[in-house]
Amino acid sequence: MSDNNRIGSGGTSRPRFVLPLTASNQNRAAPQSASPIGQLQTQPGLPGLPPVGQLKLPDQPERQFSVDDLEDLGEIGRGAFGSVNRMRFKPTGSVLAVKRIRSTVDQRQQKNMLLELNVVVNCECPFIARSYGALFKEGDCWICMELMDTSLDKFYRVVYHHLNEVIPEVVIAQVSLATVKALNYLKEKLGMMHRDVKPSNILADRSGRVKLCDFGIAGKLVDSIAKTRDAGCRPYMAPERIDYQRVGEGYDVRSDVWSLGISLYELCTGRFPYKQWGTMFEQLEQVVKSEPPRLTDARFSEEARNFVNLCLSKDVKKRPKYRQLLQQPFLEQCAQDSVDIAAYFCSVLDRSPDEARLNELLAAVHF
Ligand SMILES: Nc1ncnc2c1ncn2[C@@H]1O[C@H](COP(=O)(O)OP(=O)(O)OP(=O)(O)O)[C@@H](O)[C@H]1O
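Since we're looking at a predicted model, the values are computed, not measured.

### Comments concerning unusual backbone geometry
So, point 1. In this model, Asp59 sits at a positive phi of 60°, which is unusual for a non-glycine residue.
So, point 2. With respect to the helices, strands and loops of the structure, Asp59 is situated in the loop between strand E1 (53–55) and strand E2 (63–65).
So, point 3. Residue class for Asp59 comes out exposed when judged on the 5 C-beta atoms lying within 10 Å of it.
So, point 4. Despite not being glycine, Arg195 shows a phi value in the positive range, around 80°.
So, point 5. Secondary-structure assignment places Arg195 in the loop between helix H3 (169–190) and strand E9 (202–204).
So, point 6. By C-beta crowding, Arg195 is classed as buried, having 20 other C-beta atoms within 10 Å.

This is how it looks when you write it as structure tokens:
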């Protein structure tokens, strides 16, 4: 199978795993990358806005910024469409996550995206990673956001494939509740769907916070790139979004609920529910034509299994929207539980292996 066809490879040989920050490495500046733009190709010919943007950090006045205000502290991760680096904002010393995406949008679209970003910058939901601002430079979009300690794709691989443990159900319940609340906020308050719910877009930190990221401007840019090239399979996509015979019918937030179900299945079992597919046709065969995945693992309660399996209802009419999900016993119960997930996250992050071993693990685990 060629790299271009491999799910989630993004057609690159990018390392799929980066060391989550631990007590021992979180204060240590990572080595500077050779070039501030990493391996991204810039597109100098693309007409763009002046390379400055507006940045609104917590408890700070909004100010103009350029890439010269950012000091690169090293790469955190790399996706199919760009990379995410830790960067210090020199004027205040604040350390941020900066996502850089190759952008093919023109000046008018860039302006619209930056305007839309203002809505997200002002969003106050505790379950959504804060966006601070963005700018376009030489065809790349730089999005500044809140820095978290890990994402759940990395986290579950460490738990299941390095520590040989299982993520406790109470932790999965808290992650589910935070993600459903974030998705509900996006829909109710901002009138948005996420469109790319997956473990790598659910972030966590040592203080036990769980936050959804990567929607709005990042999602729009990724969609615009995906339209211009074969972006490969999108493994978390709901059947109704993949089935070319139904594309005219449209889709709604329940497609995000399906992606949440796939993500939770992965967090419960440590593996992706479908066997590896190499082509869009194989994906269509499995996701659209076969029975949906079912969580049957007896290590999880009936409430947990029912919740995941409800999200994975193939018939979109039987799949609940957020209000109904929030009333499921699995989430209602966990809203009342007090669980120290901070201590659990710390204990896993402290036992994470080094980057080389993590990359090895990641390559070995089917997506
Ligand atoms: N705000 C953040 N704080 C800490 N780590 C982050 C943050 N945002 C992203 N990351 C890390 O950077 C990695 C790369 O993110 P990116 O969004 O580029 O790609 P992805 O979600 O892994 O994959 P894809 O490009 O296929 O969507 C993520 O897997 C995550 O581990």
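### Re the sheet that holds strand E10 (residues 210–212)
In sheet architecture, strand pairing relies on hydrogen bonds along the backbone and comes in two forms, parallel and antiparallel.
So, point 1. The strand order across the open sheet built from three strands is E8-E9-E10, with neighbouring strands paired in antiparallel fashion. Strand pairing shows two members of the sheet lacking a second neighbour, strand E8 (150–151) and E10, which therefore form its edges.
So, point 2. Pairing analysis gives two bridges linking E8 to E9, with the strands arranged antiparallel. Opposite Ser151, over in E9, you have Leu203 as the bridge partner.

### With respect to the site of the ligand
So, point 1. Around the ligand there are 24 residues in total, and Gly77, Gly79, Ala97, Ser151 and Ser200 lie nearest to it.
So, point 2. Considering every element that reaches the shell around the ligand, the biggest residue donor is strand E3 (residues 70–78), with three residues.
So, point 3. Residue classes in the shell around the ligand are distributed as 11 nonpolar, seven polar and six charged.

### Some details on the sheet that holds E1
So, point 1. Reading across the sheet, the seven strands line up as E2-E1-E6-E7-E5-E4-E3 and stay open at both edges, with antiparallel pairing between neighbours. Whereas interior strands pair on both sides, the edge strands pair on one side only; in this sheet they are E2 and E3. Shown here is a sheet whose adjacent strand axes are inclined to one another by a mean of 30°, direction ignored.
So, point 2. Strand direction decides the pairing type here: E1 and strand E6 (residues 131–137), joined by two bridges, are antiparallel. Each residue of the ladder has a partner; that of Leu55, found in E6, is Gly133.

### Here we look at the packing of H3 against helix H6 (residues 253–269)
So, point 1. The N-to-C vectors of H3 and H6 enclose an angle of 165°; their axes lie 11 Å apart at closest approach. As far as their axial angle goes, H6 and H3 are roughly antiparallel. Crossing hand, H3 versus H6: right-handed. Residue-level inspection shows Ile172, Val175, Ser176, Thr179, Leu183 and Lys187 of H3 in contact with H6, the latter providing Val253, Asp256, Leu260, Leu264, Leu267 and Cys268.
So, point 2. Here the residues of the contact of H3 with H6 sort into eight nonpolar, two polar and two charged.

### Description of the UniProt feature "binding site: ATP" (unreviewed entry) in the chain
So, point 1. When the UniProt feature table is mapped to this numbering, "binding site: ATP" (unreviewed entry) covers Lys99.
So, point 2. Residue Lys99 is classed as buried on the basis of its C-beta count, with 25 C-beta atoms lying within 10 Å.

### A few points about the nonpolar core
So, point 1. Leu96 and Cys144 are the most contacted members of the largest nonpolar core, which totals 78 residues.
So, point 2. Take this core: its biggest share by element is 10 residues, from H3.
So, point 3. Per-domain counts for this core show at least three residues from each of domain 1 (3–145) and domain 2 (150–364).
So, point 4. Residues in contact with Cys144, not counting those within four places in the same chain, are Leu55, Leu96, Val98, Tyr132, Gly133 and Ala134.

### Details of H3
So, point 1. Over its 22 residues, H3 runs 30 Å from end to end, which matches the ideal 32 Å to within 8%, given 1.5 Å per residue.
So, point 2. Where H3 terminates, the next one or two residues include Gly191, which has phi positive at roughly 65°.

Rules used throughout
Residues numbered from 1 in each chain as written. Predicted model: local features only at pLDDT ≥ 70, side-chain atom pairs only at ≥ 80, totals over all residues. Helix = DSSP H or I, 4+ residues; strand = E, 2+ residues; numbered from the N terminus. Buried ≥ 20, exposed ≤ 12 C-beta atoms within 10 Å, placed from the backbone. Pairing = 2+ DSSP bridges. Near = placed C-beta within 6 Å. Nonpolar A, V, L, I, M, F, W, Y, C, P; charged D, E, K, R; others polar. Axes fitted to C-alpha atoms, helices over the stretch in contact; angles between N-to-C directions. Parallel < 35°, antiparallel > 145°, perpendicular 65-115°, else oblique. Left-handed = near helix turned anticlockwise from the far one by under 90°. Contact = placed C-beta atoms within 7 Å. UniProt positions renumbered as here; feature names shortened; annotations may be inferred. Core = buried A, V, L, I, M, F, W, Y, C linked by C-beta atoms within 7 Å. Domains from an automatic or database assignment. Expected span 1.5 Å × (residues − 1).

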